[in-house]
Amino acid sequence: MIKRILTVLLLFPTLVCAQINTDRVMTIARNALYFEDYVLSIQYFNQVINAKPYLYEPYFFRALAKLNLEDFQGAEADCDAAIQRNPFVVGAYQIRGLARIRQSKFDGAIEDYQKALHYDPENITLWHNLTLSHIQKKDYNSAKEDLESLLKVSPRYTRAYLMRGEVSLQQKDTIAALTDFNKALELDKYDPDAWAARAIVKLQQSKYAEAESDFDRAIHLSAKNAGNYINRALARFHQNNLRGAMSDYDLALDIDPNNFIGHYNRGLLRARVGDDNRAIEDFDFVIQMEPDNMMAVFNRGLLRAQTGDYRGAIQDYTTVINQYPNFLAGYYQRSEARRKIGDKKGAEQDEFKVMKAQIDKQNGVTNKDVAQNKDETDGSGDEDGEKTRKKSDKNMNNYRKIVIADDSEAEQRYTSDYRGRVQDKNVNITLEPMFALTYYEKMSDVKRSVNFHKYIEDLNRTGILSKRLRITNMEAPLTEEQVKFHFALIDTHTSAIVADEKSASKRFARAIDFYLVQDFSSAVADLTQTILLDGDFFPAYFMRALIRCKQLEYQKAEQAAETNIPGDKRKEITAVDYEVVRKDLDKVINLAPDFVYAYYNRANVSAMLKDYRAAIADYDKAIELNPDFADAYFNRGLTHIFLGNNKLGISDLSKAGELGIVSAYNVIKRFTDQTE
């Protein structure tokens, strides 16, 4: 799913509306969108559209939310409505172009990007997506023209060189492709895609050792790309390093368990080294994915016979023969299996079929079906020598060959890379998020420790809150049902507060609901009232600090997006604005010195302000209180790296990875070869 498509699109100038309510709802909606709470944001945009259907902004932003939810048809319709109301908004054409691409409407997408470039001719994102749309249509000449224009706008944009190299490969110009890939590496030696792209060319040139070396670098920089392991396995296979190839298929399948090529090729290699039962498991998986894959069925038949399952083998051979009635190897193997189970008559019938075909061949008689089968696959299995075949190759005689991707699959390497935020080229090196008190938490793929504090647990036991409060920095966006539930709860809490204005707990409960529906201003107001009613209730200070920090984050992003707007005189966000956040966290630490998450959040604030020494001191304290605090190790590791202390940073990141933050390993690889 596309994440945070172009922040500058999201952060348009705030609406100047006659009604304060509409302005407020729009602000909350954009807030929800910025923090990726897409379902909730749509609810708010609906309210604005109902109140003022003539505005283009709510349609535009709702389209962006729908795009992130993969409702591409709905996103396109909303962009249509936005453009009808204001045809000069570049972002609307860009978002509609993305929505059309996802529906394979490439002509419409090209039209949108060309229109947008008319208004904004130096927009890298637009040129990038226009190029990829032309590549999808196989209009390579137009794609190269786009790339020439893109490189004039941004001569150091490495993706342009990678895309042009891909186009050259499609045009069979390996030398031009290699030149562009080398240029991309010259500009950015830490781009894993550039190493992988050059490695592919080396594979095509049969320079397998060089290809393996380039794939090593690509994997070093991006450890979670299954395709790189699959391709390195091919380079190793061609060097007769079967164990190394098999290890790569294992790693690829750990990352992408449904990878067809990984299972098929690992099955072949397992069969070669005598690991028959596990080879059968791989072919079982392939056949489950593609029941009509006769080569996999035949290979499984051979393995079943090898392990003594002759009836299973006969069943597989028969399936293949029914599909390919002139596949002689099928009859030969079935005759052998039939003899093993005492079916002498069946074995003789199969042997007669093989013998007759051999006599016909000697006499020059050509079987039409065999000829057709061969014609269908001419050239497809020979391009990379006798050891490999293309995935689309249906020539049954190639059943023992290692599978490589078809050209059409290779093209997909960049066609999925439609740009949202251009700066998000690689995995961003960012701090783990701040902790919050909330009801909803995202499920983690990797098990982590449960975040716990006795005071919060006691608060949950009181039953004051509508749900169990969780301490997490993996907040989950609300579903449509949850949105309705919390809006209803706000009304319920409001009635309770009217009846008992002096209840701090009721104010806090409503503040949590306001926070969940992204109404930050109302949440802060309720938390302030909670503090006035009970100055020792530290969760209120903790949440007020978090929400104010999020407000500042949004304002900074908005400010960055609007620096070029004439007459924009809004006050710049500075370190002074964060003092109120720090003071609240100081108060939490004073009231609950064992509340580890306050030290962690305060450290994050210091790191945001580039006060790295103060950040490390707080991360140290957090780790002292909780020696298994994975997020604190990760962030302290990054902070050490920001200070140039790579050795200390990598040590912390290693511990974070050990405790379950998988992305730590990617960062370690990117900084291991850098000197202090």
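It should be emphasised that the depicted structure is a prediction, and the values quoted were computed from it without experimental measurement. (Residues numbered from 1 in each chain as written. Predicted model: local features only at pLDDT ≥ 70, side-chain atom pairs only at ≥ 80, totals over all residues. Heavy atoms only, no water.)

Caption draft 1: Expanded view of the overall build of the chain. Along the chain, the regular secondary structure elements total 35 helices and four strands. The buried share among the 676 residues of the chain stands at 53%. Of the contacts made within the chain by residues no fewer than 6 positions apart, 58% connect residues no fewer than 24 positions apart. As displayed, the chain offers around 31,300 Å² of accessible surface, 48% of which is attributable to carbon and sulfur atoms. (Helix = DSSP H or I, 4+ residues; strand = E, 2+ residues; numbered from the N terminus. Buried < 20%, exposed > 50% of the residue type's maximum accessible area, 1.4 Å probe, protein only. Contact = heavy atoms within 4.5 Å. Areas by Shrake-Rupley, 256 points an atom, 1.4 Å probe, with all protein chains shown as cover.)

Caption draft 2: Structural view of the packing of helix 17 (residues 276-289) against helix 18 (residues 294-306). Relative to each other, helix 17 and helix 18 sit at 155 degrees, their axes nearing to 9 Å. Judged by the angle between their axes, helix 17 and helix 18 are roughly antiparallel. Between helix 17 and helix 18 the crossing geometry is left-handed. Of helix 18, the residues touching helix 17 (which contributes Asp276, Ala279, Ile280, Phe283, Asp284, Val286 and Ile287) are Ala296, Val297, Asn299, Arg300, Leu303, Arg304 and Gln306. (Axes fitted to C-alpha atoms, helices over the stretch in contact; angles between N-to-C directions. Parallel < 35°, antiparallel > 145°, perpendicular 65-115°, else oblique. Left-handed = near helix turned anticlockwise from the far one by under 90°.)

Caption draft 3: Examining the packing of helix 4 (residues 57-68) against helix 5 (residues 72-85) more closely. Contact pair helix 4 / helix 5: the axes reach a minimum separation of 8 Å and the direction vectors enclose 165 degrees. As far as their axial angle goes, helix 5 and helix 4 are roughly antiparallel. Crossing angle aside, the handedness with which helix 4 passes helix 5 is left-handed. The segment helix 4 lies against helix 5, with Tyr59, Phe60, Arg62, Ala63, Lys66 and Leu67 engaging Phe72, Gly74, Ala75, Asp78, Cys79, Ala81, Ala82 and Arg85. Tallied by class, the residues present in the contact of helix 4 with helix 5 amount to nine nonpolar, one polar and four charged. (Nonpolar A, V, L, I, M, F, W, Y, C, P; charged D, E, K, R; others polar.)

Caption draft 4: Molecular detail of the environment of Ser466. Relative to the assigned elements, Ser466 resides in the loop between helix 25 (454-462) and strand 4 (470-472). Under the relative-accessibility criterion, Ser466 is labelled partly exposed at 34%. On a C-alpha basis, the gap between Ser466 and Tyr439 in space is 9.0 Å, while along the polypeptide they are 27 residues apart. Excluding residues within four positions of it along the chain, Ser466 makes contact with Tyr439 and Leu489.

Caption draft 5: Spatial organisation of the packing of aromatic side chains. Within this structure, the stated rule accounts for 29 aromatic pairs. Measuring from ring centre to ring centre gives 5.1 Å for Phe60 and Phe61, while their planes differ by 65 degrees; the resulting arrangement is edge-to-face. Across the pair, exposure class does not vary: Phe60 and Phe61 are buried alike. Between the aromatic rings of Tyr612 and Phe642, the centroid separation amounts to 5.6 Å while the plane-to-plane angle is 45 degrees, which identifies the pairing as tilted. Of this pair, Tyr612 sits in helix 32 (residues 612-625) while Phe642 sits in helix 33 (residues 630-642), and the two are 30 residues apart along the sequence. (Phe/Tyr/Trp six-rings, centres within 6.5 Å; stacked < 30°, edge-to-face > 60°.)

Fair warning: the whole summary comes from geometry, so function is off the table for now.
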